Amino acid sequence: MFNKNIKLVITGLIIAYAIYQFIEGNIGNGIFLILFSLIFIFLYFRNEIILLAFLRMRKQDLEGTQKWLDRIKNPEAALITKQQGYFNYLHGIIHSQKNLTQAEKYFRKALKLGLTMDYDTAMAKLSLAGIAMQKRRKREATTLLNEAKKLDKSNMLTDQIKMMQQQMKKI
């Protein structure tokens, strides 16, 4: 894994060499190098370790996800802000199985840094609502549930939201 700034430097060097190839008359090499530099631009905005961690999460392999996330030693230097949000979001999901206080910290940090997809933001707020409900903070849980309901435009979380609202009536 390269630092985010190193990825930009590598991209710049590849593009500079592609321009040199165009000047020398090697148009095919220049086009290939421009296309090759697009890989590093893609990896700047979508970190490869985060992508692999999401693949592990998709298979419900929390230990594998944790191993991939542990490879990122310094998230502030290696990741852009949105990626840091997803880094914390994944940690929150992992810790929600074990330690609710840690999970709450990670979810709040992920929401503060920002998540790209509304579904992910809704899921984080829904998880925070569940944690608040377990800690007997009904007002905060209600607010978070309403925010999650607004963000869930594709109605993928409606069953979970209804279930949590029914559980909230028992508190």
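Right, let's walk through the structure included here. A quick note: this is a predicted structure, and the numbers were derived from the prediction, not measured.

## Quick notes on the overall build of the protein chain
Item 1. What the protein chain contains, in helices and strands, is 10 helices and zero strands.
Item 2. Beginning at the N terminus, the succession of helices and strands in the protein chain can be written as α-α-α-α-α-α-α-α-α-α.
Item 3. Since a compact globule built from 171 residues should have a radius of gyration of about 16 Å, the 21 Å found for the protein chain marks it as more spread out than a globular shape.
Item 4. Taken along its principal axes, the extent of the C-alpha atoms in the protein chain is 75 × 30 × 25 Å.
Item 5. Here the protein chain, with 171 residues, has 40% of them falling under the buried criterion.
Item 6. Nonlocal contacts in the protein chain, meaning residues at least 24 apart in sequence, comprise 56% of its contacts between residues at least 6 apart.
Item 7. Surface exposure of the protein chain reaches about 10,500 Å², of which carbon and sulfur atoms provide 59%.

## A few points about helix α10 (residues 158-169)
Item 1. The end-to-end C-alpha distance of α10 is 17 Å, a good match for the 16 Å that 12 residues give at a rise of 1.5 Å each.
Item 2. Buried residues in α10 make contact with α8 (118-134) and α9 (138-151).

## Observations concerning the pattern of salt bridges
Item 1. For the coordinates displayed, the defined rule picks out nine salt bridges.
Item 2. A salt bridge links E104 to R108, with the shortest nitrogen-to-oxygen separation between them at 3.1 Å. One end of the pair is E104 and the other is R108, both in helix α7 (residues 100-113) and four residues apart, which spans about a single turn.
Item 3. Here E104 falls in the buried class, since its relative accessible area comes to 10%.
Item 4. The exposure class assigned to R108 is partly exposed, which follows from its relative accessible area of 35%.
Item 5. With a closest N to O distance of 2.6 Å, E147 and K125 form a salt bridge. Note that E147 is positioned in helix α9 and K125 in helix α8, a separation of 22 residues in sequence.

## Quick notes on the packing of aromatic side chains
Item 1. Summed over all chains, the structure comprises seven aromatic pairs.
Item 2. Site record: aromatic cluster; members linked through ring pairs are F54, Y86, Y89 and F107.
Item 3. The positively charged end of R71 is found above the aromatic ring belonging to W68, 4.3 Å away from the centroid.
Item 4. The cationic tip of K105 hangs over the ring face of Y106; the distance from NZ or CZ to the ring centre is 5.1 Å.

## A closer look at unusual backbone geometry
Item 1. Phi is positive for Q60, close to 65°, though the residue is something other than glycine.
Item 2. On the secondary structure map, Q60 appears in the loop between α3 (48-58) and α4 (62-70).
Item 3. With phi around 55°, N155 is a residue other than glycine that occupies positive phi space.
Item 4. Here N155 is to be found in the loop between α9 and α10.

## Structural notes on the nonpolar core
Considering soluble globular proteins, one finds that nonpolar side chains tend to be buried as a cluster.
Item 1. By size, the foremost hydrophobic cluster in this structure holds 34 residues, and its most contacted members are I50, L69, I72, Y89, F107, L126 and L145.
Item 2. If you list the elements that add at least two residues to this core, you get α3, α6 (81-95), α7, α8, α9 and α10.
Item 3. Looking at which element gives the most residues to this core, the answer is α8, with eight residues.
Item 4. Sequence-distant contacts of Y89, that is, excluding residues within four places in its chain, are made with F54, F107, A110, L115, D120, M123 and A124.

## Topic: the layout of surface pockets
Item 1. A volume near 1,000 Å³ is recorded for the largest pocket.
Item 2. Mapped by element, the contributors of at least two residues to the lining of the largest pocket are α3, α6, α7, α8 and α10.
Item 3. Per-element tally for the lining of the largest pocket: the top contributor is α8, with nine residues.
Item 4. Here the lining of the largest pocket is built from residues that sort into 21 nonpolar, 11 polar and four charged.

Conventions and cut-offs
- Residues numbered from 1 in each chain as written.
- Predicted model: local features only at pLDDT ≥ 70, side-chain atom pairs only at ≥ 80, totals over all residues.
- Heavy atoms only, no water.
- Helix = DSSP H or I, 4+ residues; strand = E, 2+ residues; numbered from the N terminus.
- Rg over C-alpha atoms; globule rule 2.2 N^0.38 Å.
- Buried < 20%, exposed > 50% of the residue type's maximum accessible area, 1.4 Å probe, protein only.
- Contact = heavy atoms within 4.5 Å.
- Areas by Shrake-Rupley, 256 points an atom, 1.4 Å probe, with all protein chains shown as cover.
- Expected span 1.5 Å × (residues − 1).
- Salt bridge = Lys/Arg side-chain N within 4 Å of Asp/Glu carboxyl O.
- Phe/Tyr/Trp six-rings, centres within 6.5 Å; stacked < 30°, edge-to-face > 60°.
- Lys NZ or Arg CZ within 6 Å of the ring centre and 35° of its normal.
- Core = buried A, V, L, I, M, F, W, Y, C linked by side-chain atoms within 4.5 Å.
- 1 Å grid on protein atoms, 1.4 Å probe; cavity = no way out; pocket = protein on both sides within 12 Å on 5 of 7 lines; lining within 4 Å.
- Points joined across faces, edges and corners; volume = space filled by probe spheres on them.
- Nonpolar A, V, L, I, M, F, W, Y, C, P; charged D, E, K, R; others polar.

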